[in-house]
Amino acid sequence: MLISDFIRGVTVEFETAPGIFSYDRVDRGTKLLLEVAEIPSEGIVLDLGCGYGVIGITLAKINPRLKVYMVDINREAVKLARRNAKRNRVDDRVVVLLGDLYEPVKDMKFNAIYSNPPLAAGMDTVRRIITEAPQHLESKGTLQLVVRKGVEAVKKCMKETFGNVEVLASKWGYKVLMSRL
C-alpha cells in the first residue's frame, strides 16, 4: 500500500503493509512530533522504533545536512524503511538497522534521538528508550518523544534522567516531550 503526506514543507511517500503500525496513514502523533521537532542544523540523528520510516526519512528530506540512523526490531518494518528511503531519494544519508533499541548503534552518539515509542511494547521499553538515551547523545543533544498514554510517567522518567523536560506540543491527546543533555 502506498501513502503520502506533506509534513513541514516536504512531500513524503511511503510503502506500507498491514501488520505494521499505522500502515494506512501517517500517524497523527508522528506527524505532530515532526511538525514541532527541534532539528539540528547538521550532524547525526536517530529514529528509534522507526517502523516503515516516517520520522527518519522526513527528517532527512527536511534537512539534507543530516545523516539519519533508523532502528526497528521488526524485520518487515526494516525492509519497508529501506525501500522508503530509496523511494524518497534519501538512501545516501539514511541507514536502517535491524535490532532492539540502541543495540545496533551501541557505540554511537547522536545530536538528537526521536521516537514515537511503541506503547504496545510496554512502559519498560519506553523507560529504556529514555534512561539509555544520555549515553547515546552528544553534549546538548536532545531526546524527543511523542506519547499519548502514560504521559505523566514518561515526563517524570525524562525529568529524572535528564534533569529537564519540556512539552513542545499538545494536540489530539498527544504530547511531544523533549529533554536536553
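As a starting point, this report considers the structure included with it. (Residues numbered from 1 in each chain as written. Predicted model: local features only at pLDDT ≥ 70, side-chain atom pairs only at ≥ 80, totals over all residues. Heavy atoms only, no water.)

## Some words on unusual backbone geometry
The phi angle at R8 is positive, at roughly 50°, despite the residue not being glycine. For R8, the location among the structural elements is in the loop between strand 1 (2–7) and strand 2 (10–15). At K140, a position not held by glycine, the phi torsion is positive, near 70°. (Helix = DSSP H or I, 4+ residues; strand = E, 2+ residues; numbered from the N terminus.)

## Notes on the nonpolar core
Among the nonpolar cores identified, the biggest contains 37 residues, and F14, M70, V94 and Y114 are the most heavily contacted of them. With sequence-adjacent residues up to four places away left out, Y114 is seen in contact with L33, A37, E38, I39, P40, V45, L46, D47, L48, I55, L59 and Q144. Counting 23 residues, the second-largest nonpolar core is a separate cluster that includes L101, Y102, F110 and C157. (Core = buried A, V, L, I, M, F, W, Y, C linked by side-chain atoms within 4.5 Å. Buried < 20%, exposed > 50% of the residue type's maximum accessible area, 1.4 Å probe, protein only. Contact = heavy atoms within 4.5 Å.)

## Some words on helix 4 (residues 123–131)
T125, V126, I129 and I130 are the residues of helix 4 that are buried. Each buried residue of helix 4 sits inside an arc of 140° when the element is viewed along its axis, so together they form one side. Where the residues of helix 4 are buried, they touch strand 3 (43–48), strand 6 (110–115), strand 7 (137–147) and helix 5 (151–162). (Arc of directions from axis to C-beta.)

## Considerations on the pattern of salt bridges
Taken as a whole, this structure holds 11 salt bridges when the rule is applied. Salt-bridge contacts for R128 lead to E132; the nearest nitrogen and oxygen are separated by 2.9 Å. Classification of R128 by relative accessible area gives partly exposed; the value is 32%. Under the relative-accessibility criterion, E132 is labelled partly exposed at 21%. Salt-bridge contacts for E160 lead to K156; the nearest nitrogen and oxygen are separated by 3.0 Å. (Salt bridge = Lys/Arg side-chain N within 4 Å of Asp/Glu carboxyl O.)

## Observations concerning the environment of E42
By the element assignment, E42 lies in the loop between helix 1 (28–36) and strand 3. Here E42 falls in the exposed class, since its relative accessible area comes to 51%. With 69 residues separating them along the chain, E42 and N111 place their C-alpha atoms 8.4 Å apart.

## Points about the sheet that holds strand 9 (residues 174–180)
Adjacent strands of a sheet form backbone hydrogen bonds with each other and so pair up, either parallel or antiparallel. The strand order 5-4-3-6-7-9-8 describes an open sheet built from seven strands, whose pairing is mixed. A strand with exactly one partner marks an edge of an open sheet, and here the two such strands are strand 5 (94–98) and strand 8 (166–171). Adjacent strand axes in the sheet meet at a mean angle of 15° when their direction is disregarded. Alignment of strand 4 (residues 66–72) against strand 5, held across five bridges, turns out to be parallel. (Pairing = 2+ DSSP bridges. Axes fitted to C-alpha atoms, helices over the stretch in contact; angles between N-to-C directions.)

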